[in-house]
Amino acid sequence: MNIKLKLKRMHGDFRTILVGFLFTIITFLSGSAIDAGVGPESNEGGNDKKAEQVMEKSIEAVGGKKAFSKIKNRYSEGSVELKGMGIKMEIKVYQASPNRFYSVMESSAVGKIETGSNGEIGWNLSAMQGPQLKEGEEMAMDRFTNRLDSWSSWRELFTRVSYLGEVTVNGEASHKLKLFPKEMQPIIAYFSKKTYLNNKMEMVVKTAMGQLSFVMDQIEYREIDGIRYPVSMVMSAMGQKMTYTMTTVKHNIEMPKGIFDIPEEIKKLLAKKQKLK
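Cut-offs used in this document
Residues numbered from 1 in each chain as written. Predicted model: local features only at pLDDT ≥ 70, side-chain atom pairs only at ≥ 80, totals over all residues. Heavy atoms only, no water. Helix = DSSP H or I, 4+ residues; strand = E, 2+ residues; numbered from the N terminus. Buried < 20%, exposed > 50% of the residue type's maximum accessible area, 1.4 Å probe, protein only. Contact = heavy atoms within 4.5 Å. Areas by Shrake-Rupley, 256 points an atom, 1.4 Å probe, with all protein chains shown as cover. Expected span 1.5 Å × (residues − 1). Arc of directions from axis to C-beta. Core = buried A, V, L, I, M, F, W, Y, C linked by side-chain atoms within 4.5 Å. Polar contact = N/O pair within 3.5 Å; in protein donor to acceptor, adjacent residues only side chain to side chain. Pairing = 2+ DSSP bridges.

Q: Give me the overall build of the protein: which residues, what numbers.
A: A tally of helices and strands in the protein yields 6 helices and 13 strands. Classification of the 277 residues of the protein by burial places 55% in the buried group. Residue pairs at least 24 apart in sequence account for 55% of intrachain contacts in the protein once pairs closer than 6 positions are excluded. Surface summary for the protein: the accessible area is close to 12,500 Å², and the carbon and sulfur share equals 47%.

Q: Outline helix H2 (residues 48–62), listing residues and values.
A: Look at H2: 21 Å from first C-alpha to last across 15 residues, which is about the 21 Å you get at 1.5 Å a residue. Those residues of H2 lying buried are Ala51, Val54, Met55, Ser58, Ile59, Ala61 and Val62. Relative to the axis of H2, the buried residues are bounded by an arc of 160° and lie together on one face. Across H2 from its buried face, at more than 90 degrees, point the exposed residues Lys49 and Glu60. Phi turns positive one or two residues past the end of H2, at Gly63, with a value near 140°.

Q: Lay out unusual backbone geometry with the relevant residues and their values.
A: Glycine aside, residues mostly have negative phi angles, and peptide bonds mostly take the trans form. A cis amide bond links Ser97 to the next residue, Pro98, at an omega of 0°. Assignment of secondary structure puts Pro98 in the loop between strand S2 (87–96) and strand S3 (100–107). Phi at Asn170 takes a positive value of approximately 50°, unusual for a residue other than glycine. Along the polypeptide, Asn170 turns up in the loop between strand S7 (158–169) and strand S8 (172–181). A positive phi is found at Asn252, a non-glycine position, where the angle reads about 50°. Relative to the helices and strands, Asn252 resides in the loop between strand S13 (240–251) and helix H6 (264–276). Note on Asn252: relative accessible area 41%, which makes it partly exposed.

Q: Give me the lowdown on the nonpolar core, citing residues and values where you can.
A: If you look at the biggest cluster of nonpolar residues, it comprises 55 residues, and the most contacted ones within it are Met55, Phe158, Leu177 and Leu179. The next biggest cluster of nonpolar side chains, apart from the first, holds 12 residues, and it includes Tyr75, Val104, Ile259 and Ile266.

Q: Lay out the side chain of Ser162 in plain terms, naming residues and giving numbers.
A: Within the secondary structure layout, Ser162 lies in strand S7. A polar atom in the side chain of Ser162 sits 3.3 Å from the side chain of Asp48. Among the polar contacts made by the side chain of Ser162, one reaches the side chain of Arg160 at a distance of 2.7 Å.

Q: Explain the environment of Leu269 residue by residue, including any values.
A: Assignment of secondary structure puts Leu269 in helix H6. Here Leu269 falls in the partly exposed class, since its relative accessible area comes to 25%. The sequence separation of Leu269 and Leu133 amounts to 136 residues, and the corresponding C-alpha distance is 8.0 Å.

Q: Could you give an account of the pairing of S3, with specific residues and numbers?
A: Across the 8 residues of S3, 6 count as buried, placing the element largely inside the fold. Inspection of the sheet shows S2 paired to S3 by 7 bridges, in the antiparallel sense. Following the sheet pairing, Lys92 is matched in S3 by Val104. Counted along the chain from S2 to the antiparallel partner S3, the turn is 3 residues long. As judged from the 7 bridges shared by S3 and strand S4 (residues 111–117), these two strands associate in the antiparallel manner. Paired with Glu106 across the bridge in S4 is Lys112. Between the end of S3 and the start of S4, which pair antiparallel, lie 3 residues.

The quantities given are spatial measurements derived from coordinates; they are silent on function.
Have a look at this one:
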């Protein structure tokens, strides 16, 4: 099977994984068969007080609430590489409070892939799949991951956090927590016992192409304007291994005019949807 055909089959979920998660403090990417809490909630864990302590220490580890409060917008650049398919994609992301964003990825193999939200309407746009609107849990994922203060405001976003014990992640002693977002399925998060930085995530999300599982290992952090960002990550999703490298982060810049505007193709799709009601 050639590269373009393989990408056409995986493209929707691939895009959904990449664009929402790459530039948040806790980036939810990758994939595996690991169940991150799908189905009825169990009674596992439940030591919420200890889980809350880990969460609060993790905020301080990445810079603290004061540092996050200074960030009004963010521009990021990086690259995503699918080594097994020989594909490398450049990505640029623009984000502004409270939850507006625009992301574009490009490569010679798949062309241009865009996704964004003006805070109310989320959308995807590509040559392979055309214009698409985000709904339900996929839109909730956008609201969650594209808040610039998503991690420091975790008490607003999670209904509960549970402590599941101590485990080893890539040779590092770590705390294992289960997080319960208000609008999404539970997330499994791991934090280094030594640094309290998040070093692994497991998650399941619902997308337009079905339910998707993924896992991400955060390999390296770098301090930028007082905030420690994961700048090197390894992701596994849909049987594919991906690596992400962040090369540039800028805060509180003058955003390009109209960067968060809804594209004409999406406006036409919205108008068509309204006519069908």
